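If you want the building blocks of each chain, they are given just below.
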Amino acid sequence: NADTTKVHRHTTDLAMAPGSSEKLVETTLGAARDELVRGLGGLLGQPTPEATVDGGTVPDGAIVVGTPASSPLVGRTIATRDLATVGDEGYLVRSVSKGRSRFTVIAGNTDLGALYGTFAFLRLLQTQKPIDHLRVAESPKIKHRLLNNWETERLYAGNNPSGIGGLNGESGAIFNFAATGASAGRNLPVILDRYLVMARALASLGINGITINNVNADNAYLTSARIAQEAALADALRPYGIRLGLSIRYTAPTDSRFAPDTLTNAQLDPYGADFRGWWHRRAQQIQTAIPDFMGLTVKANSEGQPGPQDFGYDHGDGANAIAAAVAPLGMTVHWRTFVYNAEVDNDRLKRAYLEFGPIDDEVQPDGSRGRFADNVFLQTKNGPLDFQAREPIHPMFGRMENTNQALELQITQEYTGQNWMLAYLGPMYEEILKTDTYATDANGKLLKKRLVGNIVDGTAQHHPDTAIVGVANLGNADNLTGHHFAQANLFAFGRQAWDWTLDSTDIATDWTRMTWSNDRRVVDTIRTMMMGSWESLVSYQTPLGIGHQFAEGVHYRPDPADWAGRDDWSPIYYNKADSVGLGFDRSPTGSNLAAQYFPRLQQRYGNINSVPENLLMWFHHVPWGHRMDSGRTFWDELVYRYQMGVQYVTWMRETWDALQPDIDARRFAEVRAKLAVHEADAADWRDTSVNYWKEFSGRDIPVDDAPLS
Ligand code: GCU
């Protein structure tokens, strides 16, 4: 654990606060050197001597890091054509013998590639993999591997909005912009140690950008004062290859805080020079302060956020207007597709595609298809609702052939136990990325590559620009994420963003070795706990595809009987509980969401006998007596799932207890305390849900599943 409140000197005219110490790393290769010195020192328990080796012989056992430009030795030992295969951000790690010396070369085409290679090498060492015959060649499959950090709201790494208390050091946002009280004097441009801890963690995973504010954006982030603070943060993150982005509000130009440069509503025409000019000027101001600024993320016409539809235009008009304003500056616009205007369709899950699909299909004056500009990414959540523990894939994946699509995954556990429940989401990301869309080409022929991961990495439909986004779980807790095991989700997201074909079990193994222990028994035990934890959460929260059953607001506890003030926020809208059965009919006899998928999935999901059971109630209103694969009735299976989910948590708690001798006292106790809360709250989900469903089914709880309290 780092002292995350320590202050670093940012500019020379900034007074050094007490406790400030290390200077900031200035270059990417400097960061690589620091990581090696620190990492090797820590892992080997002895200081690491540094040397300049160009010219002379390379000492036996040396580790050489660099690019052909920074190190002639790299140029001499690694063939240019080999390096060419790994691209801008990739790396090679090679064991080399020359004369009597054997040494390791970590090489990239860029300094950032070399830094990523350094982290990869340290990971091999830390997970006790053999390092004597290395021949590693790695490059990322997806170009922009980003975090969105929703500061101030839904920040489960810091706040516990569920009001059930918190452990020490767990409250608050990761970035201090306007620090008051005890934190006064520690706001940006002061660089806190935790920003660097974060930067190193993100770079070690290959994450190359972060949008730092909430999608429900506050215009303050675009004011001159804030831009100066953001520039200081960007400077600190730059050596680690992490670029900054901002979420913006569509109508920001009318905010009086920008006076005299403010517009009236009448000037917000997306095709007008006023609107585009305003965004261009603001982006230019940001770029002057932050030369490598990535671009803007926009949540428009969603959950009360303003957007082009308020002015008689559609999402294409709005996205393209801002995109045109920032394109000359080389910036992108991430336009979110999380929209669910009730006028579009009765079924919330159908609404986004109905709005965005036609714009993607539209024939343009030059005969091409698709209206969205080249520097627009449509940023789409993995599923059509809202980050539920398990959802079917969003029907838009594969359907937006003519538009850049970014996949948005949630790392912060908004609906998956917040920072109380141990839920390893690697298997969830893997399930999503490896789901077959059955996408076809224009002639109806199945594409060869058509998993969600292929759509996102551009290989399915030949998109050159690709992005994946994780809604982050960073806060000012000492461990950055609140729950020690929540770090595993950030780790898994980063690894899968780099290479979505990875196996989430292997990722769990690496993480466990790096975080807890290399002891075989400990690794096996913790990995086993992790690997079943998400499925267990699905089982005691929302088994068999029953969507969103959360009490209003907090998104932690259940309330299946709730009418949350509006239909499509209400558990009863999703469960449709009645004496016949449970679940939302989205088959051809119902809303027919199924028809938004490619034919193969359409048939599979649309039929109660072929839909995967874990998605059953997303697509069907299931009769209580329906026969399940297990031979049980639907009712019996449902109760069984709730019970199994809770039993798994009990097993995790007991299993963790048995690890006490192998885990340091502090972390052992912290995880133990959380598992106790987890078990009680999981049981609450089971009991609240089953007792409520029972009122409709009129059936008894199967004896096997006693005792339900
Ligand atoms: C969820 C979440 C909101 C968030 C929204 C979004 O509904 O609860 O806090 O703003 O998703 O993705 O825009």
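Residues numbered from 1 in each chain as written. Predicted model: local features only at pLDDT ≥ 70, side-chain atom pairs only at ≥ 80, totals over all residues. Heavy atoms only, no water.

**Student:** Please explain the packing of aromatic side chains as it appears in this structure.
**Tutor:** Here a ring pair, both rings aromatic, is described through the centre-centre distance and the interplanar angle of the planes. Evaluation of the coordinates by the stated rule reveals 33 aromatic pairs. Here F356 and F372 contribute two aromatic rings whose centre-to-centre distance is 6.2 Å and whose plane-to-plane angle is 25 degrees, an arrangement assigned as stacked. In this pair, F356 sits in helix α9 (residues 351-361) while F372 sits in the loop between α9 and β12 (376-381), placing the two residues 16 residues apart along the sequence. Each member of the pair, F356 as well as F372, carries the same accessibility label: buried. (Phe/Tyr/Trp six-rings, centres within 6.5 Å; stacked < 30°, edge-to-face > 60°. Helix = DSSP H or I, 4+ residues; strand = E, 2+ residues; numbered from the N terminus. Buried < 20%, exposed > 50% of the residue type's maximum accessible area, 1.4 Å probe, protein only.)

**Student:** Please explain the nonpolar core as it appears in this structure.
**Tutor:** The nonpolar side chains of soluble globular proteins are, as a tendency, buried together. Core analysis: the biggest nonpolar cluster contains 186 residues, and W335 and W656 have the highest contact counts within it. If you look at the next biggest cluster of nonpolar residues, it comprises 14 residues, including V53, V58, V64 and V86. (Core = buried A, V, L, I, M, F, W, Y, C linked by side-chain atoms within 4.5 Å.)

**Student:** How should helix α19 (residues 665-697) be read in this particular structure?
**Tutor:** The end-to-end C-alpha distance of α19 is 47 Å, a good match for the 48 Å that 33 residues give at a rise of 1.5 Å each. Looking at the residues trailing α19, positive phi occurs at G698, about 65 degrees. (Expected span 1.5 Å × (residues − 1).)

**Student:** Is there a simple way to think about the sheet that holds strand β5 (residues 135-138) in this case?
**Tutor:** To summarise the sheet geometry, strands pair through backbone hydrogen bonds and adopt either a parallel or an antiparallel arrangement. Overall, mixed pairing links the four strands, which are arranged β2-β4-β3-β5 in an open sheet. In this open sheet, the two edge strands, each paired with only one partner strand, are β2 (63-66) and β5. On average, each strand axis in the sheet is tilted by 20 degrees relative to the strand beside it, whichever way the strands run. Here four bridges tie β2 to strand β4 (residues 101-108), and the two strands are oriented parallel to one another. In the sheet register, V65 faces β4, and the bridge partner there is I106. Each of β2, β3 (91-98), β4 and β5 touches helix α4 (residues 111-126); the most contacted strand, β4, lies at about 130 degrees to it. (Pairing = 2+ DSSP bridges. Axes fitted to C-alpha atoms, helices over the stretch in contact; angles between N-to-C directions. Contact = heavy atoms within 4.5 Å.)

**Student:** Whenever I open this one, the packing of helix α6 (residues 224-237) against helix α7 (residues 273-289) confuses me. Can you help?
**Tutor:** The geometry of a pair of packed helices is captured by two quantities: the angle between their axes and the separation between those axes. Contact geometry for α6 and α7: axes closest at 9 Å, N-to-C directions at 35 degrees. For α6 against α7, the interelement crossing comes out right-handed. Of the residues in α7, those in contact with S224, I227 and A231 of α6 are R282, Q285, I286 and A289. Classifying every residue of the contact of α6 with α7 gives four nonpolar, two polar and one charged. (Left-handed = near helix turned anticlockwise from the far one by under 90°. Nonpolar A, V, L, I, M, F, W, Y, C, P; charged D, E, K, R; others polar.)

**Student:** I tried to follow the confidence of the model for the protein on my own but got confused; where do I start?
**Tutor:** Regions with low pLDDT should not have their predicted coordinates read in detail. When the pLDDT values of the protein are averaged, the result is 93; 93% of them are 70 or greater. Here residues 9-21 is modelled with pLDDT under 50, and outside its nearest four sequence neighbours on either side it reaches 17 contacts, counting other chains as well. Predicted confidence is poor over residues 159-170, with pLDDT under 50, and the contacts of this stretch with residues over four places away or in other chains come to 34 contacts. (pLDDT = per-residue confidence, 0-100.)

**Student:** Before we go on, may I ask you to explain helix α8 (residues 315-326) in this structure?
**Tutor:** The terminal C-alpha atoms of α8, which comprises twelve residues, lie 17 Å apart, in line with the 16 Å expected from a rise of 1.5 Å per residue. Taken across its twelve residues, α8 has eleven buried, putting it largely inside the fold. Regarding α8, the residues found buried are H315, G316, D317, G318, A319, N320, A321, I322, A323, A325 and V326. Of the surrounding secondary structure, the elements contacted by the buried residues of α8 are β9 (243-248), α7, β10 (295-298), β11 (332-336), α9 and β12. Near the N-terminus of α8, the side chain that reaches the backbone nitrogen of G316, with its oxygen 3.0 Å away, is that of D314. (Polar contact = N/O pair within 3.5 Å; in protein donor to acceptor, adjacent residues only side chain to side chain.)

**Student:** Looking at this model, I keep getting lost on the domain arrangement of the protein. Mind explaining?
**Tutor:** In many analyses, interface size is given as the accessible surface area lost on bringing the parts together. Here the domain parsing of the protein yields domain 1 (25-138), domain 2 (144-502) and domain 3 (538-584 + 621-705). One C-alpha centre belongs to domain 1, the other to domain 2, and the line joining them spans 33 Å. If you look at the interface, domain 1 gives 15 residues, while domain 2 gives 14 residues. At the boundary of domain 1 with domain 2, total buried surface from both sides reaches about 1,200 Å², with 51% on carbon and sulfur atoms. Interface area lost by domain 1 to domain 2 is led by Y116, F119 and R123, which between them contribute 40%. (Domains from an automatic or database assignment. Buried area = accessible area lost by both parts, 1.4 Å probe.)

**Student:** In this structure, what is going on with the sheet that holds strand β13 (residues 404-410)? I would like to understand it.
**Tutor:** The sheet built from eight strands closes into a barrel, its strands ordered β6-β8-β9-β10-β11-β12-β13-β14 with parallel pairing. Neighbour-to-neighbour, the strand axes of the sheet open up by a mean angle of 25 degrees, direction not taken into account. Together, β8 (209-211) and β9 form the strand contacts of α6, whose direction differs from that of β9 by roughly 145 degrees.

**Student:** Even after reading the chapter, I still don't get the pattern of salt bridges, so can you show me in this structure?
**Tutor:** When the charged atoms of two side chains lie near each other, side chains of opposite charge can form a pair. Under the defined criterion, the tally for this structure stands at 40 salt bridges. Between E535 and R390 there is a salt bridge whose closest N-O contact spans 2.9 Å. Here E535 is found in helix α14 (residues 520-541), whereas its partner R390 is found in the loop between β12 and β13, with 145 residues between them in sequence. For E535, a relative accessible area of 34% puts it in the partly exposed group. For R390, a relative accessible area of 7% translates into the label buried. (Salt bridge = Lys/Arg side-chain N within 4 Å of Asp/Glu carboxyl O.)

**Student:** Hey, could you run me through unusual backbone geometry in this one?
**Tutor:** Apart from glycine, the bulk of residues carry a negative phi angle, and the bulk of peptide bonds sit in the trans form. The peptide bond linking L188 to P189 adopts the cis configuration, its omega dihedral lying at 15 degrees. By secondary structure assignment, the location of P189 is in the loop between β6 (144-148) and β7 (191-192). Going from A259 to P260, the amide bond is cis rather than trans, its omega being 5 degrees. Positive phi outside glycine occurs at L544, with the angle close to 55 degrees. Along the chain, L544 turns up in the loop between α14 and α15 (571-575).

**Student:** Mind showing me how you'd approach the packing of α14 against helix α18 (residues 634-658) here?
**Tutor:** Following both chains from N to C, one finds α14 and α18 inclined at 150 degrees, their axes separated by 8 Å at the closest point. Taken together, the axis directions place α14 and α18 in an arrangement best described as roughly antiparallel. Viewed along their axes, α14 and α18 form a crossing whose handedness is left-handed. Where α14 approaches α18, its residues T525, I526, T528, M529, M531, G532, S533, S536, S539, Y540 and Q541 are matched on the opposing element by R641, Y642, G645, V646, Y648, V649, W651, M652, T655 and W656. (Parallel < 35°, antiparallel > 145°, perpendicular 65-115°, else oblique.)

**Student:** Would you explain the side chain of T515 in this entry?
**Tutor:** By the secondary structure assignment, T515 is in helix α13 (residues 504-515). A relative accessible area of 16% means that T515 is categorised as buried. Discounting residues that sit within four places of it in the chain, T515 has contacts with Q487 and R667.

**Student:** Before we go on, may I ask you to explain the pairing of strand β14 (residues 467-471) in this structure?
**Tutor:** In the case of a regular strand, side chains alternate between the two sheet surfaces. Burial analysis of β14 places five of its five residues in the buried class, which makes it a mostly covered element. Of the two faces of β14, the one carrying A467, V469 and V471 and the one carrying I468 and G470 are both buried. Relative to β14, β6 runs parallel, the two being bridged by five bridges. Bridge assignment links L147 to a residue of β14, and that residue is G470. Bridging between β13 and β14 involves five bridges; their strand directions are parallel. When the bridges of β14 are listed, E408 appears paired with V469.

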